[in-house]
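Spelled out, the chains give:
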Amino acid sequence: MDFSLSKTEELFLQMIREFAEKEVKPLAAEVDEEERFPIETVQKMAKIGLMGIPIPKEYGGAGGTNIMYGMAVEELSRACATTGVILSAHTSLCCAPIMENGTEEQKQKYLPKLASGEWIGAFGLTEPNAGTDAAGQQTIAVLDGDEWVLNGSKIFITNGSYANVFIIIAMTDKSLGTKGISAFIVEKTDPGFSIGKKEKKMGIRGSATTELIFEDCRIPKDRQLGQLGKGFGLAMKTLDGGRIGIAAQALGIAQGAMDETVKYTKERKQFGRSISQFQNTQFQMADLETKVQAARLLVRSAHYKKDKGLPYSADAAMAKLFCAETAMEVTTKAVQFHGGYGYTREYPVERMMRDAKITEIYEGTSEVQRMVIAGKLFK
Amino acid sequence: MKIVVCIKQVPDTTEVKINPQTGTLIREGVPSIMNPDDKGGLEFALQLKEQYGAHVTVITMGLPQADAILREALAMGVDRAILLTDRKLGGADTLATSSALAGALRTMDFDLIITGRQAIDGDTAQVGPQIAEHLDLPQVSYLEHLEYDGNKTFTIRKQTEEGYQMLQMDAPCLVTVLASAVKPRYMSVSGIVDAYNREVEVWNADKIDVPEERIGKAGSPTSVFKSFPKSLKPAGETFEVSPEEAVDLIIGKLKEKHII
């Protein structure tokens with residue numbers, strides 16, 4: 001077993017660290033404060049190919065691995081969790097389902113534009129009454145001649161107002177339950193489609209989280225993604241992949257908070273010495289560092305299995321559960337180590353603690369991850 | 001247009017630690033990077049490639065691990081990469097280094113050679129100009145900006161202590177570039193994925209056109225008397241204020257230090 005990175009991955013890490021440090025970190029506080037989608041950063045990411053890391057070259061992507069994609073989300077989130085989730089939702093929740101379920105025509109039409117970053121992608125599953133119980137879909141799609149007609153709404157959609165392409169899950173036959181759910185590709189310009197209200201959030205405040213509204217939204221018949229009635233499975237499988245992305249985001253937030261805390265506790269003097277010299281600081285930080293490293297290995301191991309075509313559903317759930325809870329613990333303690341300063345926006349750990357919380361909630365709450373893990377354990 | 005960029009792998013620190021016994025650099029534990037001025041030179045070459053169409057080659061003389069900066073150059077978009085490495089080239093001072101690089105360049109076709117102004121490990125700024133002398137080429141050092149007329153003539157802005165000079169020079173020629181003149185591009189993800197599948201040509205001393213007594217330790221008249229780290233200056237303060245406020249601020253600071 002080899003835990004070392006390949007030379008290609010090392011080269012990628014060198015680039016993405018420099019990019020995050022120079023292009024992403026300086027904007028993080030502003031993006032949070034102003035609740036502003038960092039479009040200029042997304043354009044820079046697009047220019048160097050970050051919007052299409054694991055997409056094969058024949059579809060305009062970089063042909064990289066999921067491990068590289070995870071490193072990108074981690075390093076971007078280490079600087080700015082908003083930027084990390086923009087990439088994660090785009091790649092895992094929109095590019096991946098098209099890549100894995102799309103017809104050749106769909107792949108040719110959408111992947112090159114998504115991979116180049118000309119188009120941003122999003123995914124719509126959650127509804128006001130269908131959160132963790134995703135089977136309770138109320139958005140309906142009815143076939144009318146050569147067109148599907150969608151009616152309903154989706155909420156909490158990451159990248160909502162900036163996305164051009166949406167993977168939308170809707171009920172095509174209510175009598176069949178989860179077997180009556182299908183997936184569709186909706187474009188921003190489709191008639192009857194509109195963006196609803198934008199959420200005001202605790203954290204990841206720069207990511208555009210919006211409602212999507214379908215009022216007799218008509219799309220061509222060939223926009224159905226995957227087989228009819230297989231949309232629920234498609235959505236669950238998409239979320240399996242997405243969870244590793246969110247795990248990487250949580251890991252990045254945790255690492256960012258570790259970096260800040262190491263720096264601060266070395267500089268901050270109380271009782272005549274740096275607070276990093278107190279054993280309480282050292283023991284707590286050693287425990288946190290151990291958890292962050294364990295979290296990283298879970299992320300890499302889940303992406304490794306995805307890259308190798310091995311089953312990874314439970315691995316993804318474990319990675320997300322552990323990374324999210326580690327991010328929450330690390331950032332909470334990071335604020336504590338910073339004392340009163342940590343509670344102010346003068347220091348980035350305040351933002352990081354707010355950003356961390358969502359990783360325990362979206363793309364499956366920590367409770368859902370436990371259900372997935374237990375489901376495998378007791379099957 | 002054919003461009004060759006000479007690059008060097010250097011330790012990633014401006015606080016180079018020196019072994020007081022031997023007077024040599026302590027490289028252990030210090031990550032290696034592409035020399036910043038050389039990376040600036042590479043960016044100039046890639047911009048010329050985009051604007052006018054060019055074939056860009058990078059060459060480095062160094063240890064086998066210098067392969068890493070050639071892969072980085074490939075991922076940034078160069079067409080060809082050459083690693084000149086041989087025990088016979090070891091222990092070279094700037095003269096022997098420039099002799100070896102000139103020997104390699106003599107075997108190649110080029111219109112423009114670009115080097116960084118100087119390397120952050122030695123800070124000599126000698127290798128670029130020496131290469132031009134060995135090859136009897138016109139040269140401009142401290143380049144800030146460059147334009148090409150599409151027909152073998154370059155118009156160059158050169159930084160000087162007083163300001164700048166505008167110069168014209170015909171190909172083939174050599175320029176040395178400042179890192180501050182340009183922001184190097186990031187490696188592309190696609191370029192990174194391909195970098196280790198592409199060829200880095202490995203050349204030894206037999207492949208270059210230069211007598212053996214001019215390279216390596218034998219070709220190095222320099223002997224180091226003493227090496228010492230530069231003393232550190234504290235970073236300056238930066239203020240973003242209006243010109244009116246700036247005047248008061250500067251006067252206040254000067255008074256504070258009893259300068260006025």
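Refer to the preceding data block for the structure.
Residues numbered from 1 in each chain as written. Chains lettered and ligands numbered in written order. Predicted model: local features only at pLDDT ≥ 70, side-chain atom pairs only at ≥ 80, totals over all residues. Heavy atoms only, no water.

## Examining the overall build of chain B
A tally of regular secondary structure across chain B gives 6 helices and 11 strands. Projected onto its principal axes, the C-alpha coordinates of chain B cover approximately 65 × 50 × 40 Å. Counting all 260 residues of chain B, 43% fall into the buried class. Partitioning the contacts of chain B with sequence separation of at least 6, the portion at a separation of at least 24 is 73%. For chain B, the accessible area works out to roughly 14,200 Å², and carbon and sulfur atoms hold 50% of it. Computing the positive centroid from 27 side-chain charges and the negative centroid from 37, chain B places the two 4 Å apart. (Helix = DSSP H or I, 4+ residues; strand = E, 2+ residues; numbered from the N terminus. Buried < 20%, exposed > 50% of the residue type's maximum accessible area, 1.4 Å probe, protein only. Contact = heavy atoms within 4.5 Å. Areas by Shrake-Rupley, 256 points an atom, 1.4 Å probe, with all protein chains shown as cover. Lys, Arg positive; Asp, Glu negative; His and termini not counted. Charge placed at Lys NZ, Arg CZ, Asp CG, Glu CD.)

## A few points about the interface of chain B and chain A
Taken together, the contact between chain B and chain A spans 15 residues of the former and 19 residues of the latter. Buried area between chain B and chain A, both sides added, is near 1,400 Å², and the carbon and sulfur share of it is 66%. Where chain B meets chain A, there are 2 salt bridges. Asp194 of chain B is the salt-bridge partner of Lys57 of chain A, the closest N and O atoms lying 2.7 Å from each other. At the junction of chain B with chain A, the criterion picks out 6 residue pairs in polar contact (both at pLDDT 80 or more). At the level of elements, α2 (67-76) and α5 (189-195) of chain B are the ones that each hand at least two residues to the side of chain B that touches chain A. Looking at which element gives the most residues to the side of chain B that touches chain A, the answer is α5 of chain B, with 6 residues. (Buried area = accessible area lost by both parts, 1.4 Å probe. Salt bridge = Lys/Arg side-chain N within 4 Å of Asp/Glu carboxyl O. Polar contact = N/O pair within 3.5 Å; in protein donor to acceptor, adjacent residues only side chain to side chain.)

## Let's talk about a negative patch on the surface
Among the surface-exposed residues, Glu58, Glu104, Glu105 and Asp222 of chain A lie close enough to one another that they form a single negatively charged patch. Positionally, Glu104 of chain A belongs in helix α6 (residues 104-115). (Patch = residues over 30% accessible without salt bridge, like charges linked within 9 Å, V, L, I, M, F, W, Y side chains within 5 Å.)

## Here's the deal with the pairing of strand β3 (residues 147-157) of chain A
Residue and element names in this part refer to chain A. Relative to β3, strand β2 (residues 140-144) is paired through 5 bridges, and the arrangement is antiparallel. The residue of β3 that forms the bridge with Ile140 is Asn151. Counting the residues between successive antiparallel strands, the hairpin from β2 to β3 contains 2 residues, one of them, Gly145, with a positive phi of roughly 65 degrees. Across 8 bridges, the pairing between β3 and strand β7 (residues 210-220) is antiparallel. Residue pairing across strands places Trp148 opposite Ile219, the latter belonging to β7. (Pairing = 2+ DSSP bridges.)

## Examining the pairing of strand β4 (residues 165-171) of chain A
All names here are of chain A. A large share of β4 lies buried, amounting to 7 of its 7 residues. Residues Val165, Ile167, Ile169 and Met171 point to one face of β4 and Phe166, Ile168 and Ala170 to the other, with burial holding for every one of them. Here strand β1 (residues 121-124) pairs with β4 via 4 bridges, running parallel. By the bridge assignment for β4, Ala122 is matched with Phe166. Here β4 pairs with strand β5 (residues 181-187) via 7 bridges, running antiparallel. In the strand pairing of β5, Val165 is matched with Glu187.

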